[in-house]
Every structure is written in structure tokens, then in C-alpha cells.
Amino acid sequence: MVPLIDLYERMLRVRECEMRLAQRFNDGKIPGFIHLSIGQEAVAVGVAAALRPTDTIASTHRGHGHGIAKGMTPEGLFHEIGGNVEGPCRGRGGSLHVADFSVGMLGANGIVGGGIPIAVGSALAHARLGNGNVAGVFFGDGALAEGVLHESLNLAALKRLPVLFVCENNGWSEFSPTSSQYVGTFEKLAATFGIEFRRVDGNDVEAVHAAAVDLVDRLRGGQGPAALECVTLRVKGHYEGDPQAYRKGVADREGAIDPLVAARTRLHAMDVDIASVEARVKAQVDAAAAAAEAGTAPAFDEAVKGVYA
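Residues numbered from 1 in each chain as written. Predicted model: local features only at pLDDT ≥ 70, side-chain atom pairs only at ≥ 80, totals over all residues. Heavy atoms only, no water.

Turning to the pattern of salt bridges, a few remarks are in order. Throughout the structure, instances matching the rule amount to 16 salt bridges. A salt bridge links Arg13 to Glu9; the shortest N-O distance between them is 3.2 Å. Placement of both Arg13 and Glu9 in helix H1 (residues 4-26) is noted, with a separation of four residues, approximately one turn of the helix. A residue is classified by how much of its surface remains accessible, and Arg13, at 16% relative accessible area, is buried. Assessed through its relative accessible area of 11%, Glu9 is described here as buried. If you follow the salt bridges from partner to partner, you end up with Glu196, Arg198, Asp214 and Arg218 in one network. (Salt bridge = Lys/Arg side-chain N within 4 Å of Asp/Glu carboxyl O. Helix = DSSP H or I, 4+ residues; strand = E, 2+ residues; numbered from the N terminus. Buried < 20%, exposed > 50% of the residue type's maximum accessible area, 1.4 Å probe, protein only.)

Quick look at the structure:
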């Protein structure tokens, strides 16, 4: 199990990166759109901390936190989202398709549920190779009605694949409450395919981590796929700049369930040196932002490289 202070540092790194990305986006320094996971850091960090560097994950359109939690550097993330050639995808992936195979981050995905079959395929590769690795996939509750999830659960169960299905249940499918999109539950869906299921407070990083460690141990033991539902809150809108006119009261609830506040409160009770951790993370993110500011924009003729053989 990873100590709480380390989990807190990883969550803080995700939060600081995304706050800085929001600032850069609003300053017009990031092309396209960005989708932030502020308020959901405990899910990404709690799960990724249970994985090895050689394990793989697939993500969603809200994937910055998953990438950082899996081992991407803030500098690499900032370069990629800024479109710089120094990014792990040479700036071609951007926010919606950020990936870094060197740390097992198979990529974010602009399609709802699009990362699910990718993770199942990765789990199949791990099983065929017998390398002892596992795959994880993050998806939102908006993906519960997607046929690709149902097919992937079925195939994973049939082949007893080492894949962890992680539902980040933040209650919203883009601009609509999930209750208006899906009549079932993830628990019942997993039970249909005989898949081990757990539900945890997605704002409690220790609870997420403990459940993930247990389920990942099952995967490595050859007991087939597992499902983890993390109940959390999407603090920001669907995209940065979303006015969120379709819901009310977010600000009133934010502080009470902020995963970083909850972890910090426990750490204060343990008399842990939090200040040095916060200073270290801030310095790291400041350096990453400065590096991205000085990054190299791609040359026009780079656009066709890698497209044709």
C-alpha cells in the first residue's frame, strides 16, 4: 500500500497541472478544448498507485489526471497539450488523445467508451505473453449505456482477462444527469457477466487505493476481470469554459468532498510535513509550464510525416 502522503503528493500534482492548464487555456495558449478532472483526482491516483510501471491503462476525454497518475511528467503533458514537438506524441495528440507508451498510458480518447476495447486488447496481449501485467480502463458513468462496454465485459469474462474496469461515476453524462441516460447500475451490469464488483467513495483516495490493490491482486492471480465504481463529483463543467447552466449548487458542495482537502485533514492529524510536499509540487509544475512556454512548435512539413508509409 502506498502511504497517504505519497498519494496526496500525486493528487496535488494532478490538481496543480490542471489548474495551470486551465490558466493557459484561458490565456489562449492551448489549441482546441480541454476537459478537466478537478475533483476526481482520488480515482486516478488511487487506482494508478496500485499498478506497476509495466501495466497499461486506457483513458477518457478527461485523461490528464490518469496520465500524470500513471507516470507522465508534467513537462511532457504540457508540451503535448501545447502542441509542441517535445511532447510524447510530438504534439499531435493534444489533450483529447494524450498518450505516453513509455509509462503504459495507451491514450485518452474523444469517443465515449472508446478506451474500453483498447484496454481489453491490451489485457489479452498481457495474458498471451504471460508477462504478469494487467490493464486498467477508466470511463465515466455516461459510458454505461454504450454497447462497447457490454461487449468488452463479456469478452473479458469469457477469456478471464486481467483487466480492471474503473467507472468514474460523477453523475453527469456531458450535460445530462446519468439518471436520464441509463436505467441500470454498473453493479448489476458486472453481475450479469459474473465479474467481481466493488463500489467506493471516489473522493477518499485511501479507499480507492485499497480497493484497487485488492482487485489488481485478483487480476494477477488469474481470477479474471474486475469492476470498480468510484462515486465522485465533476467540479468543473464538461469542458473548460462550460457555464454549467444545466446544474446548480456545485460550489456549495465542492469544499466538503474535495479529495485533497480530505487527505490533507488526515495528514494534519498525523503531524506530517505537508508544506515541503506542496512546495516541491508547485516548483515542478512551474518548471513544466516554463518549459512548455519555450517549447518548439511543429514545422508545417511535419504534418504528413508518419501518415504515409
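Within strand E2 (residues 135-140), five of the six residues are buried, which leaves it mostly tucked inside the rest of the structure. With three bridges connecting them, strand E1 (residues 56-58) and E2 associate as parallel partners. Residue Thr56 lies in a different strand from E2, and its bridge partner there is Ala135. As paired strands, E2 and strand E3 (residues 163-169) are joined by six bridges and run parallel to one another. In the sheet register, Val137 faces E3, and the bridge partner there is Phe165. (Pairing = 2+ DSSP bridges.)

A few words on unusual backbone geometry. A positive phi is found at Arg90, a non-glycine position, where the angle reads about 55°. Structurally, Arg90 is set in the loop between helix H4 (74-81) and helix H5 (115-129). On the basis of relative accessible area, Arg90 is assigned to the partly exposed category, the value being 42%. Even without glycine at this site, Asp271 takes up a positive phi of about 60°.

So, about the nonpolar core. One finds Tyr8, Val47, Leu77, Phe78, Leu164 and Leu228 to be the most contacted residues of the largest nonpolar core, which totals 62 residues. Ranked by residues supplied to this core, first place goes to H1 with 10 residues. If we skip the residues at most four places from it in the chain, Tyr8 touches Leu260, Ala263, Arg264, Leu267, Ile274, Val277 and Glu278. Counting 24 residues, the second-largest nonpolar core is a separate cluster that includes Ala156, Val163, Phe165 and Leu189. (Core = buried A, V, L, I, M, F, W, Y, C linked by side-chain atoms within 4.5 Å. Contact = heavy atoms within 4.5 Å.)

As a further point, take the sheet that holds E1. Strand order across the open sheet formed by five strands is E1-E2-E3-E7-E6, with parallel pairing between neighbours. Each having just a single partner strand, E1 and strand E6 (196-201) make up the two edges of the open sheet. Each strand of the sheet is rotated relative to its neighbour by a mean of 20°, with strand direction disregarded. Along the sheet face, H5 touches E1, E2 and E3 and points at about 170° away from the line of E2. (Axes fitted to C-alpha atoms, helices over the stretch in contact; angles between N-to-C directions.)

Treat this as a map of the structure, not an account of what it does.
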